[in-house]
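Reading the structure
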Amino acid sequence: MTQDLSKEFQEKIEDCFDNSRCINICGHDSKQFYGRTINNQYEKLSTIEHQGVIDYQPTELVITVRSGTPLAEVESVLDEKNQMFAFEPPQFNQQGTIGGMIASGLSGPARPFAGSVRDAVLGVSCLNGKGEKLVYGGQVMKNVAGYDISRLMTGSMGTLGLILDASIKVMPKPEQTITLVLEQSAEQALQTWQKLGNQALAISASCQFNEQLYIRLSGNAAAVKHAQSMIGGEPLKEDKQFWQQLRDHELDFFQGPGSLWRLSLAGATMQLNLSGDTLIDWAGAQRWIKTDESDNVIRHLCESHGGHAALFAPPDNKIEAFHPLAPGIALLHKQLKQAFDPVGILNPLRMTADY
Amino acid sequence: MSVEMQEPLPTTFITKLIECVGEKNLLTDKNECWNYGYDNSRGHALPQAVAFAISHEQVLTIVGLCNQHKIPLTTRGRGTGTTGATVPLHGGLVLSLERMNKIIRVDPANRLIVAEAGVTNKEIQIAAGEHGFFWPPDPTSAAFCSIGGNLAYNSAGPRAVKYGTPRDNVLGLRAVSGAGDELRTGTFTTKGVVGYDLTRLIIGSEGTLAIITEATLKLTPLPASKRTMRVVYNDIFSASQAVAAIMAQPVTPCALEFIDHAAIEMIRDFSTAKLPDNAGALLMIEVDGPNSAMSDAVDSIHEAAKNKGLLSFDEATSAEEIAALWATRKALSPALRKVAPKKINEDVVVPVSHIPELINGLEKLATQHGIKIVNFGHAGNGNIHVNLLIDPDDPVEMKAAHECLDEVFTLVLKLEGSLSGEHGVGIEKRDYIPRELDKNALKLMQSIRLEFDPEKILNQDKTLPD
Ligand SMILES: Cc1cc2nc3c(=O)[nH]c(=O)nc-3n(C[C@H](O)[C@H](O)[C@H](O)COP(=O)(O)OP(=O)(O)OC[C@H]3O[C@@H](n4cnc5c(N)ncnc54)[C@H](O)[C@@H]3O)c2cc1C
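Residues numbered from 1 in each chain as written. Chains lettered and ligands numbered in written order. Predicted model: local features only at pLDDT ≥ 70, side-chain atom pairs only at ≥ 80, totals over all residues. Heavy atoms only, no water.

Attention now moves to a negative patch on the surface. On the surface, Asp4, Glu8, Glu11, Glu14 and Asp18 of chain A cluster together into a patch of negative charge. Mapped onto the secondary structure, Asp4 of chain A falls in the segment before helix H1 (6-18). (Patch = residues over 30% accessible without salt bridge, like charges linked within 9 Å, V, L, I, M, F, W, Y side chains within 5 Å. Areas by Shrake-Rupley, 256 points an atom, 1.4 Å probe, with all protein chains shown as cover. Salt bridge = Lys/Arg side-chain N within 4 Å of Asp/Glu carboxyl O. Lys, Arg positive; Asp, Glu negative; His and termini not counted. Charge placed at Lys NZ, Arg CZ, Asp CG, Glu CD. Helix = DSSP H or I, 4+ residues; strand = E, 2+ residues; numbered from the N terminus.)

Listed per partner, the contact involves 84 residues of chain B and 64 residues of chain A. There are four salt bridges connecting chain B and chain A. With a closest N to O distance of 3.2 Å, Glu132 of chain A and Lys443 of chain B form a salt bridge. Viewed at the interface, chain A and chain B are joined by 17 residue pairs in polar contact (both at pLDDT 80 or more). (Contact = heavy atoms within 4.5 Å. Polar contact = N/O pair within 3.5 Å; in protein donor to acceptor, adjacent residues only side chain to side chain.)

Let's shift gears to the packing of helix H8 (residues 236-248) of chain B against helix H13 (residues 355-369) of chain B. Residue and element names in this part refer to chain B. Taken N-terminus to C-terminus, the directions of H8 and H13 make an angle of 150°; their axes are 9 Å apart at the nearest point. Considering their axes alone, H8 and H13 lie roughly antiparallel with respect to each other. As H8 packs across H13, the resulting crossing turns out to be right-handed. Contact residues: Ile236, Phe237 and Ser240 in H8; Ile355, Pro356, Ile359 and Asn360 in H13. (Axes fitted to C-alpha atoms, helices over the stretch in contact; angles between N-to-C directions. Parallel < 35°, antiparallel > 145°, perpendicular 65-115°, else oblique. Left-handed = near helix turned anticlockwise from the far one by under 90°.)

So, on to the pattern of salt bridges. Residue and element names in this part refer to chain B. A complete count under the given rule lists 35 salt bridges over all chains for this structure. Lys102 serves as the salt-bridge partner of Glu116, at 3.6 Å between the closest nitrogen and oxygen. Taken together, the residues span a long stretch of sequence, with Glu116 in strand S6 (residues 112-116) and Lys102 in the loop between strand S4 (93-96) and strand S5 (103-107) at a distance of 14 residues. Taking the relative accessible area as the measure of exposure, Glu116 reaches 7% and is therefore buried. We classify Lys102 as partly exposed; its relative accessible area is 47%. (Buried < 20%, exposed > 50% of the residue type's maximum accessible area, 1.4 Å probe, protein only.)

This part is about the pairing of S5 of chain B. Residue and element names in this part refer to chain B. Judged from the four bridges that link them, S5 and S6 form a sheet pairing that is antiparallel. Looking across to S6, one finds that Asp107 is bridged to Leu112. In textbook terms, the turn of a hairpin is the stretch between consecutive antiparallel strands, and for S5 and S6 this stretch comprises four residues, one of which, Arg111, has a positive phi near 50°. (Pairing = 2+ DSSP bridges.)

All names here are of chain B. Close to the ligand lie 32 residues; Thr75, Thr80, Ser141, Ser146 and Ala156 are nearest. The contact in question runs from an oxygen atom of the ligand to an N or O atom on the backbone of Thr75, over 2.6 Å. One nitrogen or oxygen atom from the main chain of Gly79 is found 2.7 Å from an oxygen atom belonging to the ligand. Protein contacts shield 91% of the accessible area of the ligand, which totals 970 Å² for the unbound molecule. Residue assignment for the shell around the ligand shows that the elements contributing at least two residues are strand S3 (73-76), helix H5 (147-153) and strand S10 (210-218). (Near = heavy atom within 4 Å.)

Here we come to the domain arrangement of chain A. Residues and elements named next belong to chain A. The assigned domain composition of chain A is domain 1 (6-172 + 333-340) and domain 2 (176-312). Computed from C-alpha coordinates alone, the two centres of domain 1 and domain 2 are separated by 27 Å. Contacts between the two partners involve 17 residues from domain 1 and, on the opposite side, 16 residues from domain 2. Together, the buried faces of domain 1 and domain 2 total about 1,400 Å²; carbon and sulfur atoms form 60% of this surface. If you sort the residues of domain 1 by the area they bury against domain 2, Phe92, Pro109 and Phe113 come out on top, with a joint share of 39%. Connecting domain 1 to domain 2 are one salt bridge. A salt bridge links Arg216 to Glu88; the shortest N-O distance between them is 2.9 Å. Across the domain 1-domain 2 interface, the total number found is four residue pairs in polar contact (both at pLDDT 80 or more). Its residues placed into classes, the side of domain 1 that touches domain 2 shows ten nonpolar, five polar and two charged. (Domains from an automatic or database assignment. Buried area = accessible area lost by both parts, 1.4 Å probe. Nonpolar A, V, L, I, M, F, W, Y, C, P; charged D, E, K, R; others polar.)

What follows is the structure in structure tokens.
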């Protein structure tokens, strides 16, 4: 399906701006659980009928897509040309739109090795909180004219504008991919990552849980073989499914008891002393923990290691989903929000309790 | 560059500055200040004072003072920029960070380096190299330019095609906003972002939002080996076709440089480098990775590089062979310097498939305006350096060059490109910006600028038009 609803969206936001009516921008709602809970009285503005690939030039390594287009559909278009989004965006419940992918800023297991969704967004066009259409960046890989607004929009949870369409960098698929499994504890895995980290090996993902270390290799046959000979371990069958389940939180680990926290830490940080099960991803830089520890304890501990923590699926807003910002930064955030959305009608309180 | 009549700097301001940085870190003498009035563009304006900060705290105080007294403040790294961004248009204070040159921490376990903004790119590469790493941004000026300047301009070089620009290789910043507030953005983790991505917003903002005092740079392991290839085509169409095919296969090269026909002719005239007679375009390609993967990687590139216009494909493995292949490309800069020492060098970007149209269009413009234009650059990401070989001291040539440039930018935007890929906007391209950015986007950028710098003290009248 191809349909351009820009005009309708624009009129809607203009009207909401004029009447100070708040709106809840959504796609498939597949990430509704992520971030703060939004007031369900707000009018919903769904992007899902604003669909279609506007431009795709495989040789330019870029695709331009309307925000309501299902991610799965775009990935199959890329697949036909043997290309992919290198940042492996999650598709919770097998759903998700391109707009949601960018607004949530979430990337999958490949992220530390192939870059994040932010790295891949080359340009966006969007509607701000007054309904004005703004276009930033473009389809070229390098661009230093003006400020990098496309990246500011990425991960802003729809609080700065409604994304109409985006140009996203794509990559050719690797020639070969295999996954190796090694019996290793978290401590051993952290050491292994240290050892491997200073070599240019064809690693494309690595995680550890249940005393197993998983390392995915991607590249040409010789590069994969070389890395395999350095790492050892046993090849994993059905590895594609394994990484997809990790990406989309379908592994049993994610179903266990306790609240799910995402800790962002420097990769070499030792195991934190917190109760509950841990799954370490991104070669140490992202740690999922299922725990009943208090938010204070978790956040304090993370901060003491220079990291931060997000409560991934908060049941309500009693505990802030995102790590609190330092006062100076928080003020700038507020001012930025004001510059994009002066009346504060777009996804109010979705990111913080302040706006 | 003309500077309006300036009020002298208030005595209390100078006294406070001396209290802050000490007398030996402050210049007020006109002759001494002169050297801090220019960069590598054609612009010059005399600053009224130059302060050398040696700490973040001093920068914080200085920005506070400039706000209090409403003194224009221009941050300066090493002044190698090419678009006039460090030229103190309104006099005031130049804040040089060249003495903030400490590497604070190299952390190989977490693959990062924390350094003050005045450290040169080369010093970073040396410190990282000792642990088997490198920092990908590699401007040709690496030996002289500061990382603060690299970040402010989002400067890059050939390696960006595989490893990205500073925006992709910085984990976090310590900075002072134009309002005088201390900021810490980003984290020590894999570019984790809490809230809005202020790190990337500040990177590339040319010192108009905040002054970067410290940066945490993400390091990449040095590859075990590298192969270099030189590929010659009979025309630009075949070369561009090959560039697209090379980028679309899975082995991303770590350099994919291009030089056009006019540049090849120049190399012939000024060096002994041997090239096929009918060479119309040349690519220099490098791949890196583990030793055992190199021959497959070269094969993949060779396969993608093949088309009807291919004239020669040479691969180098030994250091001598590599040097011999690069000699052709390296002969270009001295040749250009001989012909036009003060040439105008633009760095535009177009989608790779539009490179032939760009080069053809440029050839037409060259004839039309009677100016020799030579093009080379980072073909893998469509970033082409367009060189107008003119004598800026000749007013007739200069006038023709300006008219020609105007049309060059029109052509680039028609081809869905951008006015700059790495050299930035500064003063030189400021007035062309409204052609690339739409009215609303520009308005929003201006309001963001005001939020960071309400008194408009930072790099006034640069980067964004009013
Ligand atoms: C021979 C030569 C080769 C070059 N090659 C390349 C190349 O290959 N690729 C490329 O991209 N560029 C190149 N350049 C341009 C230039 O070297 C780069 O732009 C470089 O990054 C500038 O660094 P600098 O320290 O000299 O910055 P400056 O020129 O001093 O400053 C540049 C801008 O950054 C701001 N700034 C500086 N430090 C800070 C800070 N700490 N915080 C906030 N703002 C700051 C300034 O206000 C100004 O706007 C070249 C220049 C020369 C002379």
